2 protein chains.
Amino acid sequence: MTSLPLHERIRTDIESRILSGELKPGDKIPSEKELMSRYGCARMTVNKALSALNAAGLLDRRKRAGSYVARPRTVAMMLDVPDLPTELARRGQIYGFRLLDRRISDTRRWREIGKKIGCEGRVLVTHGVHFADDVPVAYEERLVSLAAVPEIESQDFANEPPGSWLLRHIPWTEAENCIGATGANAVTARALKVSIGTPCLSVERRTWRAAECITFVRQLYIAGSYELIARFGSTGRG
Amino acid sequence: MTSLPLHERIRTDIESRILSGELKPGDKIPSEKELMSRYGCARMTVNKALSALNAAGLLDRRKRAGSYVARPRTVAMMLDVPDLPTELARRGQIYGFRLLDRRISDTRRWREIGKKIGCEGRVLVTHGVHFADDVPVAYEERLVSLAAVPEIESQDFANEPPGSWLLRHIPWTEAENCIGATGANAVTARALKVSIGTPCLSVERRTWRAAECITFVRQLYIAGSYELIARFGSTGRG
DNA sequence: CAGTGGTCTAGACCACTGA
DNA sequence: CAGTGGTCTAGACCACTGA
């Protein structure tokens, strides 16, 4: 039981009153001045605690009016998007990747490539299959902007799939995932060694670094082989 | 061009050097003392900027050693989990719900119910179908703990599906989603008016309020009818 | 106009930990 | 042991905005 810093104790104190329902949405929180005297500390310390609760979406703070318990919003959950090799290693399975196809395209010739990745220029296009213990689990199509990541042109992905290479080398600032379901088509069914129409979890992700698009990836996971976990909760401060 | 607070300017200044690649993973950031004199400000101001970058995962800070540009990590994304009626209204579609089945079970008799919801006692069990413009989009099985939500026993869900009723009445503090794909079975295929084996997006969610389990829901969305969006980015501070 | 939160200062003490 | 970051203080000025 290591003693928490004071601003953390103030934060969790108020947080637990909100989560327990003792403080309801719309209720007023005491002003910083009042909390100063209640906790016997400087205003900066109270401010740090309330600012954190504000950033976490639990409080609405307005000048002159004060701090109020926020109404619950359209809830956003934390979705863990692990690297597949890392995830399989955690499960004790052996990861493998087979590159099926690797070429360089140009969005000026192939319009649909530009639509997928969302930018113009030369693009590295790869297709491959992820394996767990030599059994196919996912088919992957990936586009990488060579304007943003010129170094990737010299990679052969013999030891490491493109996604893991990117994760290790290229910092990114924004990403968007689109998650759905689909049936395997002729190409993906053959690559995954399943029959056409087999249900698959589809994850499409676009990644940017400071407004410059880096990569688009579409992964198809055979139903049952892989699941995404999303959590919401006060315990999520790893 | 409203002038940003100083700590924000320091933050974005360093952030942009990291994102541009000028500062690479592992590079050392000047100490707070040095940044104080460089920006001509107090240490608290520099600290606020660096702490924010640390919280955002862009810096690793260690005592005595200093602050270093972090290696990009496996990142957790924000997953929007909207209420289905709300989401369809946003798209301009008419929402409908048909209750297929409603009964009360007890986990002491039906063990598999207790395993799903993760608690003991009397449980309201419903099955239903969500419609968009009178077309089925999702099949739903829901369990609600009557110990946690006794009021729900008197609801008939004629005007509102159980999920929306819960969202409006019961605050929750923790939730876990499990997202996968599956093929429709005989029961769900008939309810959704699709053929058996049709790919579906499966979303299972358990919800708790301060360690007390509230509800378990499993929804099957017909492939293509619904997608989940998850985002990550510095712009996500709505 | 008066109370609130946002920001900032110029100090301070401390725990930690790598040189 | 010396430099670093974590925390905290006791002030201050200010912009904002609802009573």
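Read on for an overview of the structure. (Residues numbered from 1 in each chain as written. Chains lettered and ligands numbered in written order. Predicted model: local features only at pLDDT ≥ 70, side-chain atom pairs only at ≥ 80, totals over all residues. Heavy atoms only, no water.)

Brief notes about the packing of aromatic side chains
All names here are of chain A.
- Enumeration over the complete set of coordinates arrives at 2 aromatic pairs over all chains.
- Pairing Y221 with Y226 gives two aromatic rings, centres 4.3 Å apart and planes at 15°, and the pair type is stacked. Note on accessibility: Y221 and Y226 belong to one class, buried. (Phe/Tyr/Trp six-rings, centres within 6.5 Å; stacked < 30°, edge-to-face > 60°. Buried < 20%, exposed > 50% of the residue type's maximum accessible area, 1.4 Å probe, protein only.)

A word on the sheet that holds strand 3 (residues 66-69) of chain A
Residue and element names in this part refer to chain A.
- Read from one edge of the open sheet, 3 strands run 1-3-2, paired in antiparallel fashion. Strand pairing shows two members of the sheet lacking a second neighbour, strand 1 (28-29) and strand 2 (59-62), which therefore form its edges.
- Strand direction decides the pairing type here: strand 2 and strand 3, joined by 4 bridges, are antiparallel. The residue of strand 3 that forms the bridge with R62 is G66.
- Sitting on the sheet, helix 3 (residues 43-55) is in contact with strand 1, strand 2 and strand 3, with an inclination near 120° to strand 2. (Pairing = 2+ DSSP bridges. Helix = DSSP H or I, 4+ residues; strand = E, 2+ residues; numbered from the N terminus. Contact = heavy atoms within 4.5 Å. Axes fitted to C-alpha atoms, helices over the stretch in contact; angles between N-to-C directions.)

Focus: the sheet that holds strand 1 (residues 28-29) of chain B
Residues and elements named next belong to chain B.
- With antiparallel pairing, 3 strands are arranged side by side in an open sheet as 1-3-2. A single partner strand is all that each edge strand has here, and the edge strands are strand 1 and strand 2 (59-62).
- Here strand 1 pairs with strand 3 (residues 66-69) via 2 bridges, running antiparallel. Bridge assignment links I29 to a residue of strand 3, and that residue is S67.
- Those strands touched by helix 3 (residues 43-55) are strand 2 and strand 3, and its axis lies near 115° from that of strand 2.

Taken by themselves, the reported measurements are silent on function.
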